[in-house]
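Analysis of the macromolecular model
The primary structure of each chain is shown beneath.
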Amino acid sequence: MSKKDFYEILGVSKSASAEEIKKAYRKKAIEFHPDKNPGNKQAEENFKTAAEAYEVLSDTDKKAKYDQYGHAAFDGGGGGYGGGHHMNMDDIFSQFGDIFGGGFGGFGGNSGGQRRVKGSNLRIKVKLTLEEIANGVEKKVKVKRKIQAQGVKYKTCATCNGQGQVLRVTNTILGRMQSATTCHVCGGTGQTIESKPNNADAHGMILEDETVSIKIPAGVVDGMQLKVAGKGNDAPGNGIAGDLIVAVEEQEHEFLKREGENLHYDLYISFAEAALGVSKEIEAVNGKVRIKLEEGIQSGKILRLKGKGIPSLNSYGTGDLLVHVNVWTPKKLNKEQRQFFENSLTDENFIPNPEKGDKSFFEKVKDMFS
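Our subject in this report is the structure included herewith.

Broken down by element type, the protein carries nine helices and 15 strands. Counting every position in the protein, which comprises 370 residues, the buried fraction comes to 36%. Taking all contacts inside the protein whose residues are at least 6 apart in sequence as the whole, residues at least 24 apart take part in 65%. Counting only carbon and sulfur atoms, one obtains 49% of the accessible surface of the protein, whose full area is about 22700 Å².

Structure below.
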């Protein structure tokens with residue numbers, strides 16, 4: 001079933017301003033708010049759909065893509081827009097909670113406008129070898145995270161009477177205006193701590209080491225961040241845990257150099273090996289690979305080993321391993337070796353005679369990047 005047009009969902013035209021889009025979303029969100037429609041699954045679905053539409057149309061870049069390509073801009077490998085169908089209610093309220101403004105319980109999920117607080121995120125860095133990046137790996141890391149202490153007891157917040165919000169009345173030139181703001185005592189949860197163990201902090205939390213398993217897919221790149229949901233710090237009361245953000249650090253390989261999904265390997269051979277041809281064993285990310293060099297191979301020759309590189313993160317195949325042949329010129333010769341090369345100076349077999357099929361250095365570079 002095709003998706004409904006985002007502009008149609010919010011009831012605005014394509015030429016609507018950012019403020020008009022914001023007002024339209026607020027109207028829809030209030031109409032279908034779960035607190036206003038308890039147990040109404042269709043209203044909840046409409047609420048999520050409106051959030052999905054607003055998430056795209058309120059973002060300049062996403063809106064431009066949507067205007068040009070429609071829903072196809074976010075389908076397939078392009079990455080989702082993180083809209084209502086991809087977020088739970090807590091995500092919607094944490095992202096757009098301030099859109100509701102005063103006079104309405106804008107934190108949803110709980111009656112009376114209570115807010116489910118989300119714990120803070122934790123960040124770690126994971127070092128990966130090229131072999132681990134090429135094959136994917138599961139890493140177990142020890143994380144020090146805040147969790148709720150055993151024995152913590154809560155009571156209804158006396159300041160907001162468990163509502164999570166307090167009403168404020170201010171005098172303006174338009175008359176007396178009433179607005180609702182998050183309770184500063186309980187942070188919107190509607191609860192305060194009644195009793196807690198001595199080792200817990202003011203929020204009833206303690207620090208504890210936990211071993212977290214992180215599945216890292218093949219093909220990640222240096223600096224990429226992965227998210228492990230719910231493995232950040234816990235939140236007090238009925239809150240939801242934050243996330244663990246994992247930054248990837250690629251360790252330099254001794255022999256292989258990475259360029260996107262391709263790998264490069266510098267292979268050095270002697271004059272004798274180049275002239276006679278030789279079989280060589282070289283390092284690859286999935287073990288050693290044996291290659292055959294034909295006799296008379298030239299320095300600068302590039303051998304492409306298909307599929308011996310890094311897999312694409314988006315499953316678009318695997319890169320190649322490019323072996324760069326370098327004929328090593330000896331820096332010191334003994335008397336017999338020097339005599340041999342002096343005798344070879346006029347030998348026709350030693351006079352450079354490139355064939356038309358032999359590519360120049362610049363042509364090889366051009367081929368590499370094409």
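Among the nonpolar cores identified, the biggest contains 38 residues, and Ile-214, Ile-282, Ile-291, Leu-293, Leu-321 and Val-323 are the most heavily contacted of them. Here Ile-282 is in contact with Tyr-265, Leu-267, Gly-287, Lys-288, Val-289, Ile-291, Leu-305, Leu-321 and Val-323, once residues within four sequence places are set aside. If you look at the next biggest cluster of nonpolar residues, it comprises 22 residues, including Ala-24, Ala-29, Phe-47 and Ala-73.

So, about unusual backbone geometry. At Asn-161, a residue that is not glycine, the phi angle is positive and equals roughly 55°. Assignment of secondary structure puts Asn-161 in the loop between strand 3 (153–156) and strand 4 (165–172).

The next point concerns the sheet that holds strand 14 (residues 302–305). Taken together, four strands build an open sheet; the order of strands is 10-11-15-14 and the sheet is mixed. Each edge of the open sheet carries a strand with a single partner, namely strand 10 (256–259) and strand 14. Ignoring strand direction, the axes of neighbouring strands in this sheet form an average angle of 30°. By the bridge criterion, four bridges tie strand 14 to strand 15 (residues 321–328) in an arrangement that is antiparallel. If you follow Arg-304 over to strand 15, its bridge partner there is Leu-322.

Relative to the 20 Å expected for 14 residues at 1.5 Å per residue, helix 2 (residues 18–31) spans 20 Å between its end C-alpha atoms, a close match to the ideal helical length. Of all the positions in helix 2, only Ile-21, Ala-24, Tyr-25, Ala-29 and Ile-30 are classed as buried.

On to the environment of Arg-258, then. Checked against the element boundaries, Arg-258 lands in strand 10. For the pair Arg-258 and Leu-321, spaced 63 residues apart in sequence, the C-alpha separation works out to 9.3 Å. A polar contact is formed between the side chain of Arg-258 and the backbone oxygen of Val-220, at a distance of 2.9 Å.

Take the sheet that holds strand 8 (residues 225–228) next. Judged by pairing direction, the sheet is mixed, and its three strands sit side by side in the order 1-9-8 without closing on themselves. The sheet is open, and its two edges are formed by strand 1 (122–128) and strand 8, each paired on a single side. Ignoring which end each strand starts from, the neighbouring axes of this sheet average 30° apart. Summarising the sheet, strand 8 and strand 9 (residues 244–250) pair through four bridges and their orientation is antiparallel. Directly across from Gln-225, in strand 9, lies its bridge partner Ala-247.

Considering all chains together, one arrives at eight aromatic pairs under this definition. Ring pairs connect the aromatic residues Phe-271, Phe-340, Phe-341 and Phe-350, which therefore count as one cluster.

A word on the packing of helix 2 against helix 3 (residues 41–57). Running from N to C, helix 2 and helix 3 point in directions that differ by 165°, and their axes come no closer than 9 Å. By the angle class used here, helix 2 and helix 3 are roughly antiparallel. Along this stretch, helix 2 crosses helix 3, giving a crossing that reads as left-handed. Listed contacts from helix 3 to Ile-21, Lys-22, Tyr-25, Lys-28 and Ala-29 of helix 2 are Phe-47, Ala-50, Ala-51, Tyr-54 and Leu-57. Of the residues contributing to the contact of helix 2 with helix 3, the split by class is eight nonpolar, no polar and two charged.

Covered by surrounding structure in strand 12 (residues 278–284) are Val-278, Lys-280, Ile-282 and Ala-284 only, the residues Ser-279, Glu-281 and Glu-283 on the alternate face being uncovered. The pairing of strand 12 with strand 13 (residues 287–293) spans seven bridges and is antiparallel. Counted as the bridge partner of Lys-280 is Ile-291 from strand 13. Where strand 12 folds back onto strand 13 in an antiparallel hairpin, the turn is made up of two residues.

How each quantity is defined
Residues numbered from 1 in each chain as written. Predicted model: local features only at pLDDT ≥ 70, side-chain atom pairs only at ≥ 80, totals over all residues. Heavy atoms only, no water. Helix = DSSP H or I, 4+ residues; strand = E, 2+ residues; numbered from the N terminus. Buried < 20%, exposed > 50% of the residue type's maximum accessible area, 1.4 Å probe, protein only. Contact = heavy atoms within 4.5 Å. Areas by Shrake-Rupley, 256 points an atom, 1.4 Å probe, with all protein chains shown as cover. Core = buried A, V, L, I, M, F, W, Y, C linked by side-chain atoms within 4.5 Å. Pairing = 2+ DSSP bridges. Axes fitted to C-alpha atoms, helices over the stretch in contact; angles between N-to-C directions. Expected span 1.5 Å × (residues − 1). Polar contact = N/O pair within 3.5 Å; in protein donor to acceptor, adjacent residues only side chain to side chain. Phe/Tyr/Trp six-rings, centres within 6.5 Å; stacked < 30°, edge-to-face > 60°. Parallel < 35°, antiparallel > 145°, perpendicular 65-115°, else oblique. Left-handed = near helix turned anticlockwise from the far one by under 90°. Nonpolar A, V, L, I, M, F, W, Y, C, P; charged D, E, K, R; others polar.

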